[in-house]
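# Summary of structural features
Here is what each chain is made of, one letter per residue.
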Amino acid sequence: MTVREWLPANVQAAGVERVLPPGQALFRLGEPTAGIYEIVKGQVQMVRVDASGREVILYVAGPGDLFAEAALFSPTYHCDAVTKTGAVVRLFPKAKVIAELRQNPQAAEAFMAILARQIMSLRTRLEQRNIRSATDRVRHFLALNTGPDGRTVLLRGTLKDLAAELGLAHEALYRALADLAAAGEIKRLKNKIVLQKL
């Protein structure tokens, strides 16, 4: 469900667009929350830096995705939001969204449904992280992310981004993909992977 399908017109009208050049932060960890965002164009990554200084990608949002929903219920952001390729985002002010959710049960229910789907997605990602074999982790990701044809997985970012999302070193991801391709399980094309064996 897109923002346009559930967010009432008066809140949509209050949306403010912002253009982010490559490498620009939308917000940083600890900054006061302004509201939730819709990604209009490009991609924005939620990123944290671990104790060793390694960047961990928590989530990648693309066109049509809602972003930073927790901002409605927190005084500050809990991570950095950065675009590597540039993006256009639309901010829906926190006070306006909360007021609408309080008085509009249909909008509140739609928002809860979005959050429920995100919880299911998060649980899947946690399940992936518990798979020890890099090849099996990649197989799991591919099986759960095929498009309508049941065979094609569109890549939303670089392979390095995918490695970070899967909790793998990029070299481990490259080896796993090469092994799967050599075994005839996948075919790698530009920005997508096609499953060969179902």
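Each value, and the rule that gives it
Residues numbered from 1 in each chain as written. Predicted model: local features only at pLDDT ≥ 70, side-chain atom pairs only at ≥ 80, totals over all residues. Heavy atoms only, no water. Helix = DSSP H or I, 4+ residues; strand = E, 2+ residues; numbered from the N terminus. Contact = heavy atoms within 4.5 Å. Buried < 20%, exposed > 50% of the residue type's maximum accessible area, 1.4 Å probe, protein only. Arc of directions from axis to C-beta. Phe/Tyr/Trp six-rings, centres within 6.5 Å; stacked < 30°, edge-to-face > 60°. Pairing = 2+ DSSP bridges. Axes fitted to C-alpha atoms, helices over the stretch in contact; angles between N-to-C directions. Core = buried A, V, L, I, M, F, W, Y, C linked by side-chain atoms within 4.5 Å. Salt bridge = Lys/Arg side-chain N within 4 Å of Asp/Glu carboxyl O.

## Things to note about the environment of Phe 67
Along the polypeptide, Phe 67 turns up in strand S6 (residues 66-67). Linking Phe 67 and Thr 2, residues 65 residues apart in sequence, is a C-alpha distance of 12 Å. Beyond its immediate chain neighbours, meaning those up to four positions away, Phe 67 contacts Leu 26, Phe 27, Ile 36, Tyr 37, Ile 39, Val 44, Gln 45, Met 46, Tyr 59, Ala 61 and Ala 81.

## What about helix H3 (residues 94-103)?
Residues of H3 that are buried include every one of Lys 94, Val 97, Ile 98, Glu 100 and Leu 101, and no others. Seen end-on, H3 carries its buried residues on one side only, within an arc spanning 165°. Exposed and facing more than 90 degrees away from the buried side of H3 are Ala 95, Arg 102 and Gln 103. Where H3 is buried, its residues meet helix H1 (3-6), helix H2 (9-13), strand S3 (35-42), strand S8 (87-93) and helix H4 (105-129).

## Re the packing of aromatic side chains
Summed over all chains, the structure comprises 3 aromatic pairs. With 6.2 Å between their ring centres and 40° between their planes, Phe 27 and Phe 67 make a pair best called tilted. Here Phe 27 is found in strand S2 (residues 25-27), whereas its partner Phe 67 is found in strand S6, with 40 residues between them in sequence. By relative accessible area, Phe 27 is classed as buried at 3%. Clustering of aromatic rings is evident, with ring pairs tying together Phe 27, Tyr 37, Phe 67 and Tyr 77.

## Things to note about the sheet that holds strand S4 (residues 44-49)
If you trace the 4 strands from one edge of the open sheet to the other, you get S2-S7-S4-S5, paired in antiparallel fashion. Bordering the open sheet on either side are S2 and strand S5 (55-61), each of which pairs with just one other strand. The average undirected angle you get between the axes of adjacent strands in this sheet is 35°. Sheet topology note: the S4/strand S7 (residues 80-82) ladder contains 3 bridges and is antiparallel. Residue pairing in the sheet places Gln 45 in a bridge with Val 82 of S7.

## Observations regarding the sheet that holds strand S9 (residues 152-154)
A sheet is described by the order of its strands in space; here 3 strands give the open sequence S9-S11-S10, paired in antiparallel fashion. Whereas interior strands pair on both sides, the edge strands pair on one side only; in this sheet they are S9 and strand S10 (186-189). Within the sheet, the average angular offset between the axes of one strand and its neighbour, ignoring direction, is 20°. Judged from the 4 bridges that link them, S10 and strand S11 (residues 192-195) form a sheet pairing that is antiparallel. Across the sheet, Arg 188 pairs through a bridge with Ile 193, a residue of S11.

## Some words on unusual backbone geometry
Trans peptide bonds make up the majority, and among non-glycine residues the majority have a negative phi. Here the phi dihedral of Ala 68 falls at roughly 70°; this positive angle occurs in a residue that is not glycine. Relative to the helices and strands, Ala 68 is located in the loop between S6 and S7. Note on Ala 68: relative accessible area 5%, which makes it buried. Of note, Asn 191 is a non-glycine position whose phi angle comes to about 60°, a positive value. Looking at the element boundaries, Asn 191 is found in the loop between S10 and S11. Residue class for Asn 191 comes out partly exposed when judged on its relative accessible area of 46%.

## Regarding the nonpolar core
Formed by 19 residues in total, the largest nonpolar core has its most connected members in Val 138, Leu 142, Leu 162, Leu 166, Leu 173, Leu 177 and Ile 186. With 5 residues, the single largest contributor to this core is helix H7 (residues 170-182). With 17 residues, the next largest nonpolar core counts Ile 39, Ala 71, Ala 81 and Leu 91 among its residues.

## Some remarks on the pattern of salt bridges
In the structure shown here, the tally under the stated rule is 6 salt bridges. Across the pair Asp 161 and Lys 84 runs a salt bridge, and its minimum N-O distance is 3.8 Å. Of the two residues, Asp 161 is situated in helix H6 (residues 159-166) and Lys 84 in the loop between S7 and S8; the sequence distance between them amounts to 77 residues. Classification of Asp 161 as buried rests on a relative accessible area of 11%. The closest approach of N and O atoms between Glu 185 and Arg 139, which form a salt bridge, is 2.9 Å. Linking Glu 185 in the loop between H7 and S10 with Arg 139 in helix H5 (residues 134-144), this pair joins segments that are 46 residues apart in sequence. Within this structure, Glu 17, Glu 38 and Arg 90 form a network of salt bridges that share partners.

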